[in-house]
Amino acid sequence: MKVDVLGCYGASIGNYRTTAFLINDTILLDAGTLTEVLSYEKLKKITSAFITHTHIDHLKGLFPFLDERAALKEDGIKVYAAGPILKIMSQNLFNNLIWPDFMKIPSEEKPIVRPFEIELEREVEVAGVTFKPVLVSHTVYTTGFVVKEGRRGFMFTSDTGETERFWEIAKSEEGIEFIIVDVSFPETRRDIARLSGHMTLSMVLKSLDNYGLSHLPVYIYHIKPFFIEEIKEDLQRSKKENIFILEQGKTIEI
Ligand SMILES: [Zn+2]
Ligand SMILES: [Zn+2]
């Protein structure tokens, strides 16, 4: 499996871009960054998107992308998400006020966005890759994912504060090569992290330790760019050698 990190920060400021991963050139996991980095030829290959939650930093790449597909009369994409997420998208984003209702354009039978409701902890397969959503603890309904091709894969917390079920599954799931984990804030901003449904490094370390996962490679993501230096200092102080800062533009092969 090939995972291209299109964006992985908690805000788009300067060159820092927000969350989106492209899997095997065709499947998106979140869509915070898209047309800014992918050529037209690459955009054309995308068939599907899995969406973790409705915060705009995970969705905004869809707007220009869908607009272009509609204008060029190209095929639509399948959007997979849990029921509450699809409902918010249709009521609050594709509502002909914020953006055209691409769940009905150009026609109800063949819309640009074809929604597919997925169920918690049930695997869905797309082009040989399986996605299993797991409920996490953010300020809005959010699912992390287990993503696998064959027996191997990775897990993604999406945006979350301290949570339990995700780590339980991480512990029991086989073939997980790494986990991409929310560390949005430095330790000095623990209060804001709690209020906004995110984590600091020490919260992640505690969970890894509690669930016997301290050996696993971990990539931290969703760093707020204005705190990047402070988070790097937290990481240095932790002396952990299996925890890395995820970088946009990186390609991870599993
Ligand atoms: Zn969020
Ligand atoms: Zn976010």
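Report follows, based on the coordinates. (Residues numbered from 1 in each chain as written. Chains lettered and ligands numbered in written order. Predicted model: local features only at pLDDT ≥ 70, side-chain atom pairs only at ≥ 80, totals over all residues. Heavy atoms only, no water.)

### Describing the coordination of the zinc ion (ligand 2)
At 2.0 to 2.2 Å from the zinc ion (ligand 2) lie its protein donor atoms, namely D57 (OD), H58 (NE2), D159 (OD) and H222 (NE2). Each of the four donor atoms around the zinc ion (ligand 2) contributes to a set of angles spanning 90 to 166°, which defines the coordination as irregular. Ordering the donors of the zinc ion (ligand 2) by residue number gives the pattern D-H-x100-D-x62-H. The metal-metal distance between the zinc ion (ligand 2) and the zinc ion (ligand 1) is 3.5 Å, with D159 serving as a donor to both. One end of the pair, D57, is in the loop between β4 (48-50) and α2 (62-71); the other, H222, is in the loop between β12 (218-221) and α7 (228-238), with 165 residues separating them in the sequence. (Donors = N, O, S within 2.8 Å, 3.2 Å for Na, K, Ca; no water. Tetrahedral: all angles 85-135°; square planar, octahedral: opposite > 155°, others 65-115°. Helix = DSSP H or I, 4+ residues; strand = E, 2+ residues; numbered from the N terminus.)

### Observations concerning helix α6 (residues 201-210)
Residues of α6 that are buried include every one of L201, M203, V204, S207 and L208, and no others. Projected onto a plane normal to the axis of α6, the buried residues spread over an arc of 160° and lie on a single side. Relative to its buried face, α6 has exposed residues pointing more than 90 degrees away, namely D209 and N210. Directly beyond the C-terminal end of α6, a positive phi value near 65° is found at G212. (Buried < 20%, exposed > 50% of the residue type's maximum accessible area, 1.4 Å probe, protein only. Arc of directions from axis to C-beta.)

### What to know about the pattern of salt bridges
Using the criterion set out here, one finds 16 salt bridges in the structure. Where E162 meets R194, a salt bridge forms, and the shortest distance between an N and an O atom there is 3.6 Å. Linking E162 in the loop between β10 (152-156) and α4 (165-172) with R194 in helix α5 (residues 190-195), this pair joins segments that are 32 residues apart in sequence. On the basis of relative accessibility, which here comes to 31%, the residue E162 falls in the partly exposed class. (Salt bridge = Lys/Arg side-chain N within 4 Å of Asp/Glu carboxyl O.)

### Description of the side chain of E173
With respect to the helices, strands and loops of the structure, E173 is situated in the loop between α4 and β11 (176-182). What makes E173 buried here is its relative accessible area of 16%. There is a polar contact of 3.0 Å between the side chain of E173 and the side chain of K132. Only 2.7 Å separates the side chain of E173 from the side chain of K148, close enough to count as a polar contact. Apart from the residues lying within four places of it in its own chain, the contact partners of E173 are K132, V146 and K148. (Polar contact = N/O pair within 3.5 Å; in protein donor to acceptor, adjacent residues only side chain to side chain. Contact = heavy atoms within 4.5 Å.)

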